[in-house]
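Chains, contacts and geometry: an overview
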Amino acid sequence: MIELTILNRLKTKLSVPVYLEEPEIKPDRYVLFEKLGSDKKNNLLSASFAFQSYAESLYQAVVLNELTKAAVDSLIELDEIASVKINSDYNFTDTTTKRYRYQAVYNFNHY
């Protein structure tokens, strides 16, 4: 499961909590990620993920987004990851809850 590989790696690389689903008790800063879709061609798996960096200010969300991107980029060091490519990243502040967040979308090829 690529999700567990990513989760375990990010937990070692980031100093904030990392979740696969929205936590019941929300810390000031954390990273939430989810799979957007996946595919398989010639026995090579691919998947797209969105990484959301939440923080108490827009500036802190930007900083956490940069740290998250560096941690996600480091996944290429793992044997089960064939490629890591950022698709985009942008301000994704939640206007409903008024919580600051940035989102980075990545494409992976993995085994």
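Now for a description of the structure that goes with this document. (Residues numbered from 1 in each chain as written. Predicted model: local features only at pLDDT ≥ 70, side-chain atom pairs only at ≥ 80, totals over all residues. Heavy atoms only, no water.)

**What about the sheet that holds strand S2 (residues 30-41)?**
Spelled out, the test is: Two strands are said to pair when DSSP picks up at least two bridges between them. Runs of H or I in DSSP of at least four residues are treated as helices and runs of E of at least two as strands, each being numbered from the N terminus. Any two residues having at least one pair of non-hydrogen atoms within 4.5 Å are treated as being in contact. Axis geometry follows a simple rule: fit a line to the C-alpha atoms, using only the stretch in contact for helices, then measure angles between N-to-C directions, giving values from 0 to 180 degrees.
Here we have five strands laid out as an open sheet, ordered S1-S2-S3-S5-S4, and mixed in their pairing. Each edge of the sheet is formed by a strand with only one pairing partner; in this case those strands are strand S1 (18-19) and strand S4 (81-91). Inspection of the sheet shows S2 paired to strand S3 (residues 44-55) by eleven bridges, in the antiparallel sense. If you follow Ser38 over to S3, its bridge partner there is Ala47. Helix H2 (residues 58-73) contacts S2, S3, S4 and strand S5 (100-110) of the sheet and is inclined by roughly 10 degrees relative to S5.

**Focus: the side chain of Arg99**
Inclusion rule: Between buried and exposed lies partly exposed: a residue is buried under 20% and exposed over 50% of the maximum accessible area for its type, with that area taken using a 1.4 Å probe on protein chains only. Note on charges: Lys and Arg go in the positive column, Asp and Glu in the negative column, and His and the chain ends are not counted at all. Salt bridges, as used here, are contacts in which a Lys or Arg side-chain nitrogen is within 4 Å of a carboxyl oxygen on Asp or Glu. Polar contacts, as used here, are pairs of N or O atoms within 3.5 Å; protein pairs need one atom able to donate a hydrogen and one able to accept it. Residues neighboring in sequence count only if both atoms are side-chain atoms.
For Arg99, the location among the structural elements is in the loop between S4 and S5. Buried within the structure, Arg99 lacks any salt-bridge partner; its nearest side chain of opposite charge belongs to Glu22, at an N-O separation of 4.3 Å. Within polar-contact distance, the side chain of Arg99 engages the side chain of Tyr30 at 3.0 Å. Beyond its immediate stretch of four places on either side in the chain, Arg99 contacts Glu22, Lys26, Pro27, Asp28, Tyr30, Tyr54, Thr93 and Asp94.

**Remarks on the pairing of S2**
Bridge count between S1 and S2: two bridges; the pairing is parallel. Bridged to Val18 within S2 is Val31. Linking two consecutive strands that pair antiparallel, namely S2 and S3, is a turn of two residues; a positive phi of about 50 degrees is found at Asn42 within it.

**Structural notes on the pattern of salt bridges**
Inspection of every chain in the model, using the stated rule, returns seven salt bridges. We note a salt bridge from Glu56 to Arg29, for which the minimum N-O separation is 2.8 Å. One end of the pair, Glu56, is in the loop between S3 and H2; the other, Arg29, is in the loop between S1 and S2, with 27 residues separating them in the sequence. The exposure class of Glu56 is partly exposed, given its relative accessible area of 42%. A salt bridge links Lys41 to Asp39; the shortest N-O distance between them is 3.8 Å. For Asp39, a relative accessible area of 38% corresponds to the partly exposed category. Salt bridges linked by common partners bring Glu66, Lys69 and Asp89 together as one network.

**Some thoughts on the pairing of S5**
Successive residues of a regular strand alternate their side chains across the two faces of the sheet. For S5, the tally of buried residues reaches eight of eleven residues, placing the bulk of the element in the interior. Pairing of S3 with S5, which is carried by eleven bridges, proceeds in the antiparallel orientation. Bridge assignment links Ser46 to a residue of S5, and that residue is Asn109. Sheet analysis places S4 next to S5, joined by nine bridges and oriented antiparallel. Each bridged residue has a counterpart across the sheet, and for Asp89 the counterpart in S5 is Ala104.

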